[in-house]
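An overview of the molecular structure
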Amino acid sequence: SYHVGVLACLFKQGLVPDPRLDPPAEAMPFITGVSAGSMVAAATFAGVEPAEDGMNVVLEAARKTRELTASKQTRLPITISLDVFTPGFSLIDIVEGYFREVLAKSLGGYCETDQGNKNIRDVDPGLFARRFPKGRLRIGLTDRRELLLPLPLPVSRQLSSSYKYVDEFRDLEDVVSCAMLSSYIPGVTGQFNVQIPPRMTNLSNSESATGDRSDVSIRSGLRLEEMEREGLVKHGTSGEPVSNSAGACQTNQISNYWDGGIADLFPTFDGNTIVVTPLSGRFHTNPAICPELLPPSGMGHKPVTFRHCAKSELGLTSGNALSVMQMIFSSSDEELISKFKEGYDDASRFLREQGGSKVLTI
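Each value, and the rule that gives it
Residues numbered from 1 in each chain as written. Predicted model: local features only at pLDDT ≥ 70, side-chain atom pairs only at ≥ 80, totals over all residues. Heavy atoms only, no water. Patch = residues over 30% accessible without salt bridge, like charges linked within 9 Å, V, L, I, M, F, W, Y side chains within 5 Å. Areas by Shrake-Rupley, 256 points an atom, 1.4 Å probe, with all protein chains shown as cover. Salt bridge = Lys/Arg side-chain N within 4 Å of Asp/Glu carboxyl O. Helix = DSSP H or I, 4+ residues; strand = E, 2+ residues; numbered from the N terminus. Buried < 20%, exposed > 50% of the residue type's maximum accessible area, 1.4 Å probe, protein only. Axes fitted to C-alpha atoms, helices over the stretch in contact; angles between N-to-C directions. Parallel < 35°, antiparallel > 145°, perpendicular 65-115°, else oblique. Left-handed = near helix turned anticlockwise from the far one by under 90°. Contact = heavy atoms within 4.5 Å. Nonpolar A, V, L, I, M, F, W, Y, C, P; charged D, E, K, R; others polar. Pairing = 2+ DSSP bridges. Phe/Tyr/Trp six-rings, centres within 6.5 Å; stacked < 30°, edge-to-face > 60°. Lys NZ or Arg CZ within 6 Å of the ring centre and 35° of its normal.

1. So, a nonpolar patch on the surface
- A cluster of nonpolar residues, V324, M325, M327, I328 and F329, forms a patch on the protein surface that exposes about 410 Å² of accessible area.
- Tracing the chain through its elements places I328 in helix α12 (residues 318-328).
- For I328, a relative accessible area of 31% corresponds to the partly exposed category.

Right, here's the structure in full:
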């Protein structure tokens, strides 16, 4: 919800053009996103109004998550709630329906439910092409085939080589699939796609925690395999198309692509890209819309940071610790609305201090 608040501010100030007004492609911003940020980025290009429709998706998905992972009495002599870590629960399977519905609506289409899946209908291809011009939206992904290369290949090199992205989309299904896999961490935001023992599913009253495979990760993985064959998935360092020879995603496997933030949490186009994150820190040469990095009380005048990666130092603050917890576990409506306001206020402060830009990473 922090990212939605930032976009709401930029949208109101006219720094992100309203796609519903059909601006020329060159007027559209360059936005790159990973994890949940990829969904916010995609919604921006689709023309989703952030303050209302965007937040509605966030709130509805959070409510459904809390409902499906609520504490319940189990066969064990305790009451337990594992939130998103409930065995068999898949967050992306919950979010995807709301996400594709709001995108389709923003593009003049609708979703039709067929065997539990919401299929996109009546989206005009010409309108889609104008809303998603080639090269403007970049969704980052982590290629697990290179991430899990045998050691002693250095971890930093593995991360660099495993980062891939898509910046050209044939239709809205491509966008949805990329955004879902960019948010997919097996065992955290989605299932491992292995059968969950029946006793484990008794830990939850979730209709998603049935031990079945995640339909979203499999369906999206197969579409990304198809996009690979057409040269639409690119290497993060060279921009060259990824070869499909590294192994196909089968219906009995987990997807080849995982959360883009695993390989690169703060992807950028160049040194002018504005980083948007709910974590306070410093981001190499890049300006950032984020909470202020303040020194801890009673510990001098300098903020305490740690090196997260080559291009970022994150603050060792209670605020960052809380933000990480809120990323992992579901939040209340009040917490999500508070994060939205925080993002809006941080964006306003940034604009007062430095002015606007047409390049974002979220």
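2. Regarding the packing of helix α3 (residues 50-68) against helix α13 (residues 333-354)
- As a packed pair, α3 and α13 sit with axes 10 Å apart at the nearest point and diverge in direction by 150 degrees. The angle between α3 and α13 places the two elements in the roughly antiparallel class. In this structure, α3 crosses over α13, and the sense of that crossing is right-handed. The residues of α13 that touch α3, namely those facing P50, A51, M55, V58, L59, A62, R63 and R66, are D333, L336, I337 and F340.
- Partitioned by chemical class, the residues of the contact of α3 with α13 number 9 nonpolar, no polar and 3 charged.

3. What to know about the sheet that holds strand β11 (residues 281-282)
- Read across the sheet, 3 strands follow the order β11-β14-β13 without closing on themselves; strand pairing throughout is antiparallel. Each of the sheet's edge strands pairs with one partner strand only, and the pair in question is β11 and β13 (305-309).
- Taken together, the 4 bridges between β13 and strand β14 (residues 312-315) define a ladder with antiparallel strand orientation. Following the sheet pairing, T305 is matched in β14 by G315.

4. Here's the deal with the packing of aromatic side chains
- Tallied over the full model, the rule gives 4 aromatic pairs.
- Centre to centre, the rings of F30 and F269 are 5.7 Å apart; their planes meet at 70 degrees, and the pair counts as edge-to-face. With F30 in strand β1 (residues 30-33) and F269 in the loop between α11 (260-263) and β10 (274-276), the pair connects residues that are 239 residues apart, well separated along the chain.
- Owing to a relative accessible area of 25%, F269 belongs among the partly exposed residues under this scheme.
- The ring of Y165 carries R138 above its face, with NZ or CZ at 4.0 Å from the centroid.

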